[in-house]
Every structure is written in C-alpha cells, then in structure tokens.
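Chain by chain, the residues:
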Amino acid sequence: MKLQGTMSVKGNELYIGGVGCKELRDKYKTPLYVFDEELVRNNCKEYIKHFKVNENKNRVAYAGKAFLPIYMCKLIAEEGLYLDVVSGGELFTVYKSGFPMEKVLFHGNNKTIDEIEMGVSLGVGRFVVDNYYELELLQSICEQKNKIQSIYFRITPGIEAHTHDYIQTGQIDSKFGFALSNGDLQDALENIKKYENINLVGLHAHIGSQIFDVAPYLDEVEIMMNLVKEIKQQHDINIEEVDLGGGVGVYYTESDEPKTIKEFCSEIIKKVDDVCKDINISVPILIIEPGRSIVANGGSTIYTVGSIKDIKDVRTYVSVDGGMTDNIRPSLYQAGYECSIANKMGIDKNNKVTIAGKCCESGDILITDVDVMDIESGDILIMSSTGAYGYSMSSNYNKIIKPAVVSVKDGKSKLICKRESFEDLLRLEIAD
C-alpha cells in the first residue's frame, strides 16, 4: 500500500497525522474514517497557488459531493475556496456551517422548487442552470422574491473523457446541460434577455471524473473560449466567468498515474492564455471544481478483521466489520483500492486474500485477490484513499450504522462526525 500524506510506520504500526491506528481503534472503534487534515489543507493550497487565484482572480470551488460534513465546510472557508453543492441537503449543510453563501455554486440537473427557493433566499452566488425547466422556475421565484440571480449555463461540450461510463458527463448523450450540437444552447441564449430577474455571467462544463490525461481539458478550453467569443458576437452577451468543472484523477492503485495539481492547473492556465490571445478576447475569470483530488488520498478507512474463510484451492475470504455500506464504490464501479494490515506494517506479504464486507450480499467485496501479511482475526485492516465518496455515499443497508469520522493532525485526533447509534436508525420511523 502506498503511504499517502502524513502516513508513517513506527515499529510495524501505521500512523496517520502522528496518531497510531491502534489508538484510533481503541478510542473510536471501527469501522472508522480517518481524515488526514494536513494533506487535505495542502491540496487546497496547491490549487490556490497553481490555478492563479490571487494573481488572476480565478476561483477554486470544492465539489462538496465528495465529502461534506460541517467541519469540511469550515476548512474550505479557511483555505479560501469556493464551494459547489448539488442538493438542498448540501446547501443547508453549507449554510449551517457559516460558509459565505456568495461563494456557493448551486448545481443539479433537476433542482426542485423548494431547493431553488432555498438557494435564492439564502443568497447563493451562482446557479448553474441545466435546462429550460429550471430557467423558468428560477425566473418565477426570483420575480416573486424581487431578486436578481446570477447564473451560469451548463453545457455539454461533446467531449468523452476516458473514464467509467457512469462518470462521463461531457458527451452529447448526457442528462446534464444544454447541448451545443442540437441548438439547445443557442435557443436559450436567444431567449435569455426576456428573463428579467436572471443575469447570465458565465458558462460551465464538466467532462467527467477520475481523468488522468490533461488533453480533454485542453480541448474543453478551446471549445469554451471560442464559445465566449461567439456569444458576444451573435448575442451581445459578455461571458465574464468560465467554469471548467472538475474530474482530476487521483491515485488508488499502482495502475493509476495521476498528474500533480501543479501540472493540471499550469497546462490549463497556459492553454486559456494561448487560445484567448489567438482569438483576440479577454481572458475570463476561470473556475475549477476539484473534489476527489482534494480529499480522496486524505481519507482512509480502518476496519477490524473478523472471520477468515479459507476455501482450499479456491480463495481465502477475510471479512471486516464494514463493507459496501461505508464504501459502495467497489460494488458500484468496480473501483480498485489498496490495503494493508495497520498493526503489521513492514512484514512480508505471504498471503493472497479477498477482503469481504459484512453485508448480506455476495457482491459486498472491497478488494479481490490482494497480497497481505499473515492475517488474523482482530487485526486492523486499512484501506487507503477512501476520502472521496466513502462517507458521502454511505448507507444504512442491512440496518448497519454509519461509522464515525475523525480528523488527525499533529499527533492529535478530533471527532468530526459521530458514529450512529441504533437509536439514530429509528429516529424517523413511526411505530403506530
């Protein structure tokens, strides 16, 4: 397992943020999400620096769907990032955290009336409008509330990044955005001036997730900058802000070869400058929306090993006290992860096993055929790079309670999300 961030080994035990995994298990129990705060803050700083936020007034908007407890909202505010949300629940979390609402971007392909009303009332900085239905609703609600709302149009630029089918979003056949090829965007632009309570200030596109190659982003830049010029010439609308979305790939296993934050940002910034110079337009304010690439490697999940089932000449199943309820990605996307035995680091790997979860599902497998040290019931197993879409996609399937989340930094641990109780499971149920 590749050591990430502040991970270190002392006497065959894995430490994160200066705190040992044995101490974390004893204090907080397992399963447990462990949040390497120093690594996450450093990633934020890298984006701020290399996306030229201070020099060019560009913006880095953290994609909240990756991981969004109140504590994360406060951290993002402290690091000077914007924040994007995709639901009323995320919006309410951000609001309760005290995050500045003018720095919030509200996404979603089917925002409800209640969600739009909440966003307008709370003063969301930008609505990313996905379709005509939303445009009509937003105009009506803003008119009722006597407010002017700044928006982006989300477009589908026709780019198919090389990623899993479920996380491609920039191609023409997508549930997201106004398409360029069929005239949808042109129709919207021709009619935008009749919406008196809406101010179109920008364009947004998102081409997918877990993308390792910069080339699709450079193609996106070419399309978006030319579109800015075309909109000014044909519709006399100044597009002042261009949001290039997120999707920057991260390391999960040895087969992944991600570029650094610096490499991604620098190539995108240079391409924008070159294209704008070539087509003779001013460089707009740029927005990028990293989520996974900020928190994925900063999160780990620790489990306690339970039953071990050795099927001779077939497979050895090592079961842990969590599974698809705290990490659905292996079952949903066939996502790969690395793991190790946190209390036996540095010991030779002599066993090939499959890590199984505790759910009543044959598909509840976290990692298939992985080499590990001699493993026993009671050992501490750690899966790395679970910081994105672990806690945020967790569920109560099989009436399993959600794990706690702790932040570790400078030798100290801090609880940021409590472990659910059995009583919590029933709090919304009505007995009679």
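Residues numbered from 1 in each chain as written. Predicted model: local features only at pLDDT ≥ 70, side-chain atom pairs only at ≥ 80, totals over all residues. Heavy atoms only, no water.

The protein chain carries the name Diaminopimelate decarboxylase in an unreviewed UniProt entry, which gives Paraclostridium benzoelyticum as its organism. The UniProt entry for the protein chain carries the following comment under Subunit (unreviewed entry): "Homodimer." (UniProt positions renumbered as here; feature names shortened; annotations may be inferred.)

A.B. asks: Account for the packing of helix α5 (residues 88–97) against helix α6 (residues 113–122), with residues named and values stated.
C.D. replies: Interhelical geometry of α5 versus α6 gives an angle of 25 degrees and a closest axis separation of 10 Å. Judged by the angle between their axes, α5 and α6 are roughly parallel. Crossing angle aside, the handedness with which α5 passes α6 is left-handed. Residues Gly-88, Leu-91, Phe-92 and Tyr-95 of α5 form the contact with α6, whose own contacting residues are Glu-115, Met-118, Gly-119 and Leu-122. Residues that form the contact of α5 with α6 fall into these classes: 5 nonpolar, 2 polar and 1 charged. (Axes fitted to C-alpha atoms, helices over the stretch in contact; angles between N-to-C directions. Helix = DSSP H or I, 4+ residues; strand = E, 2+ residues; numbered from the N terminus. Parallel < 35°, antiparallel > 145°, perpendicular 65-115°, else oblique. Left-handed = near helix turned anticlockwise from the far one by under 90°. Contact = heavy atoms within 4.5 Å. Nonpolar A, V, L, I, M, F, W, Y, C, P; charged D, E, K, R; others polar.)

A.B. asks: So what's going on with the sheet that holds strand β1 (residues 8–10)? Residues and values would help.
C.D. replies: With respect to topology, 3 strands assemble into an open sheet ordered β1-β2-β3, the strand pairing being antiparallel. For this open sheet the edge positions go to β1 and β3 (19–20), each flanked by a neighbour on one side alone. With 2 bridges connecting them, strand β2 (residues 13–16) and β3 associate as antiparallel partners. Of the residues in β3, the one forming a bridge with Ile-16 is Val-19. (Pairing = 2+ DSSP bridges.)

A.B. asks: Describe empty space enclosed by the protein, and please don't skip the residues or the numbers.
C.D. replies: Within the structure shown, the criterion is met by 1 cavity of 30 Å³ or more. In this structure, the largest cavity occupies an estimated 70 Å³ of space. Every residue lining the largest cavity is listed: Tyr-33, Val-34, Phe-35, Phe-67, Gly-299, Ser-300, Thr-386, Gly-387, Tyr-391 and Val-405. Elements with a contribution of two residues or more to the lining of the largest cavity: β4 (32–36) and β14 (299–311). Looking at the lining of the largest cavity residue by residue, the classes come out as 6 nonpolar, 4 polar and no charged. (1 Å grid on protein atoms, 1.4 Å probe; cavity = no way out; pocket = protein on both sides within 12 Å on 5 of 7 lines; lining within 4 Å. Points joined across faces, edges and corners; volume = space filled by probe spheres on them.)

A.B. asks: Residues and numbers for a negative patch on the surface, please.
C.D. replies: On the surface, Asp-213, Asp-219, Glu-263 and Glu-267 cluster together to form a negatively charged patch. Assignment of secondary structure puts Asp-219 in helix α9 (residues 215–235). (Patch = residues over 30% accessible without salt bridge, like charges linked within 9 Å, V, L, I, M, F, W, Y side chains within 5 Å. Areas by Shrake-Rupley, 256 points an atom, 1.4 Å probe, with all protein chains shown as cover. Salt bridge = Lys/Arg side-chain N within 4 Å of Asp/Glu carboxyl O. Lys, Arg positive; Asp, Glu negative; His and termini not counted. Charge placed at Lys NZ, Arg CZ, Asp CG, Glu CD.)

A.B. asks: Residue-level account of the layout of surface pockets, with values.
C.D. replies: Approximately 420 Å³ is the volume found for the second largest pocket. The wall of the second largest pocket is formed by 19 residues, among which Leu-68, Pro-69, Tyr-391, Lys-402 and Cys-417 lie closest to the centre. Elements with a contribution of two residues or more to the lining of the second largest pocket: α5 and β21 (412–417). The element best represented in the lining of the second largest pocket is α5, accounting for 3 residues. Taken together, the residues that form the lining of the second largest pocket break down as 7 nonpolar, 6 polar and 6 charged.

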